[in-house]
Amino acid sequence: MSGSRAADEAAVQAVLVDSYKAWEAGDAEGMVAHYTADATAIMTGSFRDGRDVIRQNMALGFEGPLKGSSTRNRQLGIRLLGGDGAIVVSESGILFPGESEVPESRKVYATWVLEKRDGRWLIAAHHNSPVLAPGS
């Protein structure tokens, strides 16, 4: 892998780490700091169209049911597409206060689509889907 590709992979991973840290801090603005204005987020039962909508929904969550939560994330793969695109696949889950492990029933597979704009990697789309137990 060339040095620029390794640097791009590291930059993409840093964007996601920043987003995870903002979640842990309950910081909706920080969560979307690396989102494009036209970003989309699709999660079970919801479609959030645009960075402002995503921020508003996360702020409501951090004030309510997500208060004090964090996420556990494990990167399963990263693919760089051309010079300005990336897809990251991860296994993730929400940890609520007092939990040290994510229950299987709350684990999701997530796909992150990132785009390099003006030399900066940004999240253009996020989608997650529940992990189903074998045989489900």
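Residue numbers run consecutively from 1 along every chain, following the written order of its sequence. Residues qualify for local features only when their pLDDT is at least 70, as the model is predicted, and side-chain atom pairs are given and counted only at 80 or more; totals for whole chains, interfaces and linings, by contrast, use all residues. As a rule here, side-chain values come from all non-hydrogen atoms in the structure, and water together with hydrogens is ignored.

Draft legend 1. Representation of the pairing of strand 4 (residues 85-95). Whether a residue is buried, partly exposed or exposed follows from its accessible area with a 1.4 Å probe, protein chains only, as a fraction of its type maximum: under 20%, in between, or over 50%, in that order. What counts as a helix is a DSSP run of H or I of at least four residues, what counts as a strand is a run of E of at least two, and both are numbered from the N terminus. Most of strand 4 sits inside the fold, with nine of its 11 residues counted as buried. The criterion for strand pairing is that DSSP finds at least two bridges linking the strands in question. Examined bridge by bridge, strand 3 (residues 70-81) and strand 4 share 11 bridges and lie antiparallel to one another. Bridging across to strand 4, Gly77 finds its partner in Val89. From the end of strand 3 to the start of strand 4, which pair antiparallel, there are three residues, and Gly82 there has a positive phi angle of about 60 degrees.

Draft legend 2. Summary view of the pairing of strand 6 (residues 120-130). Bridging between strand 1 (residues 35-43) and strand 6 involves four bridges; their strand directions are parallel. Opposite Thr40, over in strand 6, you have Ala125 as the bridge partner. The pairing of strand 5 (residues 108-117) with strand 6 spans 10 bridges and is antiparallel. Among the inter-strand pairings, Trp112 is bridged to a residue of strand 6, identified as His126. Count of turn residues in the strand 5/strand 6 antiparallel hairpin: two residues, of which Asp118 carries a positive phi of about 50 degrees.

Draft legend 3. Structural context of a nonpolar patch on the surface. Like-charged residues are merged into a patch within 9 Å and nonpolar side chains (Val, Leu, Ile, Met, Phe, Trp, Tyr) within 5 Å, provided each residue has over 30% relative accessible area and no salt bridge. Method for areas: the Shrake-Rupley scheme with a 1.4 Å probe, in which residue coverage is limited to the protein chains shown. Salt bridges are counted wherever a side-chain nitrogen of Lys or Arg sits within 4 Å of a carboxyl oxygen of Asp or Glu. On the surface, Leu76, Val89 and Tyr109 cluster together into a nonpolar patch covering about 240 Å² of accessible area. By the element assignment, Tyr109 lies in strand 5. Owing to a relative accessible area of 41%, Tyr109 belongs among the partly exposed residues under this scheme.

Draft legend 4. Quick peek at the packing of aromatic side chains. The rule is short: rings of Phe, Tyr and Trp, with Trp giving its six-membered ring, pair when the centres are within 6.5 Å, and they are stacked under 30 degrees, edge-to-face over 60, tilted in between. Under the defined criterion, the tally for this structure stands at two aromatic pairs. Between Tyr20 and Trp112, the ring centres sit 6.2 Å apart and the planes meet at 75 degrees, which makes this aromatic pair edge-to-face. Note that Tyr20 is positioned in helix 1 (residues 3-24) and Trp112 in strand 5, a separation of 92 residues in sequence. With respect to class, Tyr20 is no different from Trp112; both count as buried.

Draft legend 5. Main features of the sheet that holds strand 2 (residues 46-49). Here six strands make up an open sheet; going across it, the order is 2-1-6-5-4-3 and the pairing mixed. Two strands lie at the open edges of the sheet, namely strand 2 and strand 3, each paired on one side alone. The mean inter-strand angle of the sheet, taken between neighbouring strand axes irrespective of direction, is 15 degrees. In what follows, a contact means two residues having at least one pair of non-hydrogen atoms within 4.5 Å. Each axis is a line fitted through C-alpha atoms, and for a helix only the stretch in contact is used; angles between axes span 0 to 180 degrees, taken between their N-to-C directions. Sheet strands in contact with helix 3 (residues 51-63) are strand 1 and strand 2, and its direction is about 55 degrees off that of strand 1.

Draft legend 6. The side chain of His126, seen in detail. Mapped onto the elements of the fold, His126 is located in strand 6. Residue class for His126 comes out buried when judged on its relative accessible area of 10%. Counted as a polar contact is a pair of N or O atoms within 3.5 Å, where, for protein atoms, one must be capable of donating a hydrogen and the other of accepting one, and residues adjacent in sequence contribute only when both atoms are in side chains. Among the polar contacts made by the side chain of His126, one reaches the side chain of Asn128 at a distance of 3.4 Å. In this structure His126 touches Thr40, Ala41, Ile42, Met43, Ala110, Thr111 and Trp112, once residues within four positions along its chain are discounted.

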